[in-house]
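Chains, contacts and geometry: an overview
Chain residues, written in single-letter form:
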Amino acid sequence: MKTLLLNPVKNPDALGQAAALLRAGEVVGMPTETVYGLAANALNPDAVKKIFEAKGRPQDNPLIVHIADVEQLQGLVRTVPETARQLAAAFWPGPLTMILPKADCIPDVVSAGLDTVGIRLPSHPVARALIRECGLPLAAPSANLSGRPSTTTSRHVRLDLGGKIPAIVEGGPCAVGVESTVISLIGQTPRLLRPGGVSLEQLEKILGKVDIDRALREQIGDDVQVSAPGMKYRHYAPDIPVTVVCGDPERTAAYITRHASLMAGIICFSECAFQFDLHERRIIGAAEDVQTQARCIFDALRAFDPVYVDEIWAQCPSDEGLGLAVANRLKKAAGFQIVNVV
Ligand code: TXA
Ligand code: MG
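For the structure given in this document, a descriptive report is provided here.

A word on the pattern of salt bridges. Here the structure, examined in full by the defined rule, presents 12 salt bridges. Across the pair Arg128 and Asp69 runs a salt bridge, and its minimum N-O distance is 3.9 Å. Remark: Asp69 occurs in the loop between strand E4 (64-66) and helix H3 (82-91) and Arg128 occurs in helix H5 (residues 125-134); sequence separation between them is 59 residues. Among the ionic pairs, Asp160 bridges to Arg302, the shortest N-O distance being 3.0 Å. Of the two residues, Asp160 is situated in helix H6 (residues 154-161) and Arg302 in helix H9 (residues 290-303); the sequence distance between them amounts to 142 residues. The residues Asp160 and Arg302 share a single accessibility class, namely buried. Three or more residues are tied together by salt bridges with common partners; here these are Asp69, Arg128 and Arg132.

We now examine the sheet that holds strand E9 (residues 181-184). The strand order across the open sheet built from 11 strands is E1-E8-E2-E3-E7-E4-E6-E5-E9-E10-E11, with neighbouring strands paired in mixed fashion. One side of each edge strand has no neighbouring strand; the edge strands of this open sheet are strand E1 (4-6) and strand E11 (211-212). The sheet strands contacting helix H2 (residues 45-55) are strand E3 (37-41) and strand E7 (138-139), and the helix crosses E3 at an angle near 155°.

Within the secondary structure, Lys331 sits in helix H10 (residues 323-333). Buried and unpaired, Lys331 has no salt bridge, with Asp319 as the nearest side chain of opposite charge at 4.3 Å. Other than its neighbours up to four places away in sequence, Lys331 contacts Val244, Cys246, Cys316, Asp319, Phe336 and Ile338.

Within the open sheet, the five strands sit side by side as E14-E13-E15-E12-E16. Their pairing is parallel. A strand with exactly one partner marks an edge of an open sheet, and here the two such strands are strand E14 (280-283) and strand E16 (338-340). Mean inter-strand twist for the sheet, computed between neighbouring axes without regard to direction, equals 20°. In this fold helix H8 (residues 249-259) packs onto strand E12 (242-246), strand E13 (264-268), strand E15 (311-315) and E16, with an angle of close to 165° to the strand it touches most, E15.

Listed as buried for H3 are Ala84, Leu87, Ala88 and Phe91. Taken end-on, H3 shows its buried residues confined to a sector of 100°, consistent with a single buried face. Along H3, the residues that are exposed and aim more than 90 degrees away from the buried face are Glu82 and Ala89. Buried residues belonging to H3 abut strand E5 (96-101), E9 and helix H7 (200-207).

Attention now goes to the environment of Arg194. Residue position: Arg194 is located in strand E10 (residues 191-194). In sequence terms Arg194 and Ala325 are 131 residues apart; their C-alpha atoms lie 7.8 Å from each other. Within the structure, Arg194 has its side chain in polar contact with the backbone oxygen of Ser180 (distance 3.0 Å).

About the thresholds
- Residues numbered from 1 in each chain as written.
- Chains lettered and ligands numbered in written order.
- Predicted model: local features only at pLDDT ≥ 70, side-chain atom pairs only at ≥ 80, totals over all residues.
- Heavy atoms only, no water.
- Salt bridge = Lys/Arg side-chain N within 4 Å of Asp/Glu carboxyl O.
- Helix = DSSP H or I, 4+ residues; strand = E, 2+ residues; numbered from the N terminus.
- Buried < 20%, exposed > 50% of the residue type's maximum accessible area, 1.4 Å probe, protein only.
- Pairing = 2+ DSSP bridges.
- Contact = heavy atoms within 4.5 Å.
- Axes fitted to C-alpha atoms, helices over the stretch in contact; angles between N-to-C directions.
- Lys, Arg positive; Asp, Glu negative; His and termini not counted.
- Arc of directions from axis to C-beta.
- Polar contact = N/O pair within 3.5 Å; in protein donor to acceptor, adjacent residues only side chain to side chain.

What follows is the structure, given as structure tokens:
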């Protein structure tokens, strides 16, 4: 299959063509402010199945449904709790996904058989324009091959899914760079299922107490029931083993210098980069600059070529703010192979 690159800046009909494909039950790569998504009509099970096929995604991992306006929420969920209204007012449009009780119109293949659905209102103008143009809620996971790092440029999407999908809409590099925060509003207390573009501290300001799912902290075995099924799979993984080193940046740099082989690729903070002049290295920003780290992390994880690099060592950001999401993606890429330097 030939994959079209549809650029709304160069081609005034790009969104019209993408919307026509979506209405016809096809899948389309779509930019969002977090990462690129692989979108299909959320109300058409046959269209949604094509997402799973193109990505090689396990069937038990549910998809997020994207809307362009808060009013579109009605009809997709059974109830909208007060907490959801507060979060929508504070963070939508933006990188927050809320898990809510699903309405009957959401097919089982979207929710992976759960009676809940994740809903997100993205802020990327191209994503919102596309949802409005086709007039449909769009189911969209990240537009990467299952298990690989998420995609933050159209080029990443083409490298993973080119030839497997009919079109990718160009929207430039993603401004946030890590996926949306996933919060479940199903139980008594809101529960953080995945840290992301909205920080835990920001959520706590609105909600007070937020429980944290244990899948965030540790590797979960296949036999364990988890709240966000996606959290149990090895994820974001390059084809090269990764070790994440946590602690004060100077100490983690020193630790990596002592332990990394000459064939190691290094993911490091800009202040420490000079220590790795002899290595293949990717700088993800200054140690304090979690925004830049978030924007760079998936590109860094994709950057190393197994011909030249046989292991990857990464300096880990602190857990504060957006750092929690960046650290989580690195730890998952490492299959929770973590060193704590004290
Ligand atoms: O930023 C994002 O969220 C991107 C862009 C494209 O919007 N999408 C994304 O989708 O990251 P995906 O499928 O790669 O990750 C969705 C996560 C998975 O861990 C999935 O298990 C969880 O959200 N999830 C989706 N629906 C759920 C539900 N009903 N209950 C619990 N977890 C759910
Ligand atoms: Mg994903």
